Amino acid sequence: MAKNTQNTDAVGFGTQIRKSPYFDATMRWGAAGFSVYNHMYIPRDFGDPVQNFWNLVNDAILCDVAVERQVEITGPDAARFVQLLSPRDISKCAVGQCKYVILTNDKGGVLNDPVMLRLGENHFWFSLADSDILFWAQGVAVNANMDVTITEPDVSPLQLQGPKSGEIAHALFGDAVADLRYYWLTELEFEGIPLVVSRTGWSSELGYEIYLRDGSKGDQLWEAIMQAGAPFGLKPGHTSSIRRIEGGMLSYHADMDIDTNPFELGLDRLIDLDMDADFIGKTALTTIRQQGVTRKQVGLIIDGAPFAASNTTFWPVESDGQVIGKVTSAIYSPRLDQNIALAMLDSAYADNGTRAFAETSVGRLPVTVVPKPFYDPKKQLASS
């Protein structure tokens, strides 16, 4: 594994939870709570989550997402190897472009849903959700008979998200980002700090991900961004559960896992079963497409008083006394003035307008199946 500059705290025998290069800065700027994601601490609390949501959708927030660890794949066969890992046709990704991809196992189960960045003809990053893809990729490479090098580089992303993020990015980086298209990247140096900047993010808003390539510069980078963003109302923040559920964005371990296949999630567009190239899970996914799925992910409106917080367990969904699925992610949206949720339901109950009941943390409540995303369904805010 490549050199890693992050601080670590030992937790249990043989286990380490790492601090990001921005840890001290986020503490100074008011981070009051953390959780663990990809074996690292991620700030989850900068105060009122509803205010964090409004900061995001009205102005801009800066989030420490160094937990989005990178798997770097290089070497003469890197492109072929990356294709082996994903059902999405990688040949259609240009150098300098990013793609949302899924990684599947031999049963067609989802192992991760990273953003893939193509930095060179044979130079790729997977910017990960919460699962150990580094070990998976290295294991696959053992018998792949391909010339590849697979490492975790010293890369730590920040998310600059919100409608004013473009103005802040221009104040920071000038014309280098002025024409950056949605899901494209550029490499640059800022005040001696090597960066990759992409028009991506986990917010469904206009935004950028800023990939720090030198962990010793984390504090310097954070402070520079906050200073440049101050005239635009930039606030420190955390990824917003409200906004991501509004946008129908998936969270690994909550809305999908190794036992979920892409067709159940409605991610057919990410699966190219007709391309010549082979990939892990192709046979299984071909069979699933032919046979159809028995359950589908849907959007729900849940009646009742506003939820005080997002759910921390799956809530059973019932109809006529039988369990027909589960609520995977639920939250109250102050903008929509509704309790909204993502759920996995039996296919027979997945049509819009279907009524049922969910056993929530505050009791049994009526639910209605509705289209998702709940807000800005064509992603016009993020892609504008």
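What you see is a predicted model; the values in this text were computed from it and never measured. Within every chain, residues take consecutive numbers counted from 1 along the sequence as written. Two thresholds apply to this predicted model, a pLDDT of at least 70 for residue-level local features and 80 or more for giving and counting side-chain atom pairs, whereas whole-chain, interface and lining totals are computed over all residues. Hydrogens and water molecules were not included; the side-chain quantities draw on all heavy atoms of the structure.

### What to know about the confidence of the model for the protein chain
pLDDT is a residue-level measure of predictor confidence that goes from 0 to 100. On average, residues of the protein chain score 95 in pLDDT, and 96% of them reach the 70 mark or higher. The model gives residues 1–14 a pLDDT under 50, and that stretch makes 33 contacts with residues more than four places away or in other chains. Should any heavy atoms of two residues lie within 4.5 Å, those residues are counted as being in contact.

### With respect to the nonpolar core
Grouped together as the largest cluster of nonpolar side chains are 65 residues, with contacts concentrated most on Phe173, Leu195, Val197, Ile210 and Leu221. A helix here means a DSSP run of H or I that spans at least four residues, while a strand means a run of E at least two residues long, and both kinds are numbered starting from the N terminus. When residues in this core are grouped by element, the largest group, six residues, is from helix H6 (residues 218–229). Sequence-distant contacts of Ile210, that is, excluding residues within four places in its chain, are made with Ser156, Pro157, Leu158, Leu160, Phe173, Leu195, Val196, Val197, Leu221 and Ile225. Residues Val71, Ile133, Ala141 and Met146 belong to the second largest nonpolar core, which totals 26 residues. Here the nonpolar core consists of buried residues drawn from Ala, Val, Leu, Ile, Met, Phe, Trp, Tyr and Cys, with membership extended through side-chain atoms lying within 4.5 Å. The buried label applies to any residue whose accessible area, calculated with a 1.4 Å probe on protein chains only, is under 20% of its type's maximum; exposed applies above 50%, and partly exposed to all values in between.

### Considering the packing of helix H3 (residues 78–85) against helix H4 (residues 133–142)
How two helices sit against one another is set out by the angle between their axes and by the gap between those axes. Between N-to-C directions, angles span 0 to 180 degrees; the directions come from axes that are lines fitted to C-alpha atoms, helices contributing only their stretch in contact. One way to put it is that H3 packs onto H4 with a least axis distance of 11 Å and a crossing angle of 115°. Classified by the interaxial angle, the pair formed by H3 and H4 is roughly perpendicular. Considering how the two elements wind past one another, H3 and H4 form a crossing that is right-handed. Contact residues: Phe81, Leu84 and Leu85 in H3; Trp136, Ala137, Val140 and Ala141 in H4. Under the scheme applied, nonpolar residues are Ala, Val, Leu, Ile, Met, Phe, Trp, Tyr, Cys and Pro; charged residues are Asp, Glu, Lys and Arg; polar residues are all the others, including Gly. Looking at side-chain class alone, the contact of H3 with H4 contains seven nonpolar, no polar and no charged residues. Roughly parallel means an angle under 35 degrees; roughly antiparallel, over 145; roughly perpendicular, 65 to 115; everything else is oblique. Crossing handedness is read from the near helix: turned anticlockwise from the far helix by less than a right angle, it gives a left-handed crossing, and turned clockwise, a right-handed one.

### Overview of the sheet that holds strand S6 (residues 70–74)
At least two DSSP bridges between two strands are needed for those strands to be called paired. Taken together, the five strands give an open sheet; going across it, the order is S7-S10-S11-S6-S12, and neighbouring strands pair in antiparallel fashion. Edge positions in the sheet fall to strand S7 (98–100) and strand S12 (149–151), since each of these pairs with one other strand and no more. Strand after strand, the sheet turns through a mean of 20° between neighbouring axes, direction not considered. As paired elements, S7 and strand S10 (residues 115–120) share three bridges and run antiparallel to each other. Residue Cys98 lies in a different strand from S10, and its bridge partner there is Leu117.

### Focus on the environment of Arg244
By secondary structure assignment, the location of Arg244 is in helix H7 (residues 241–246). Looking at Arg244, the relative accessible area reads 6%, which means it is buried. With 40 residues separating them along the chain, Arg244 and Ser204 place their C-alpha atoms 6.7 Å apart. Beyond its immediate stretch of four places on either side in the chain, Arg244 contacts Trp202, Met249, Leu250, Ser251, Asp255, Ser329 and Leu342. Of note is the side chain of Arg244, whose polar atom sits 2.8 Å from the side chain of Ser329. Here a polar contact means two N or O atoms within 3.5 Å. Within protein one must be a hydrogen donor candidate and the other an acceptor candidate, and residues neighboring in sequence count only if both atoms are side-chain atoms.

### Structural notes on helix H2 (residues 49–58)
Each α-helix turn comprises 3.6 residues. Residues three or four places apart therefore point the same way. Within the sequence span of H2, burial applies to Asn52, Phe53, Asn55, Leu56 and Val57. Against the buried residues of H2 lie strand S5 (60–64), strand S13 (156–161), strand S17 (234–237) and H7. The backbone nitrogen of Val50 lies 3.0 Å from a side-chain oxygen of the residue at the head of H2, namely Asp48.

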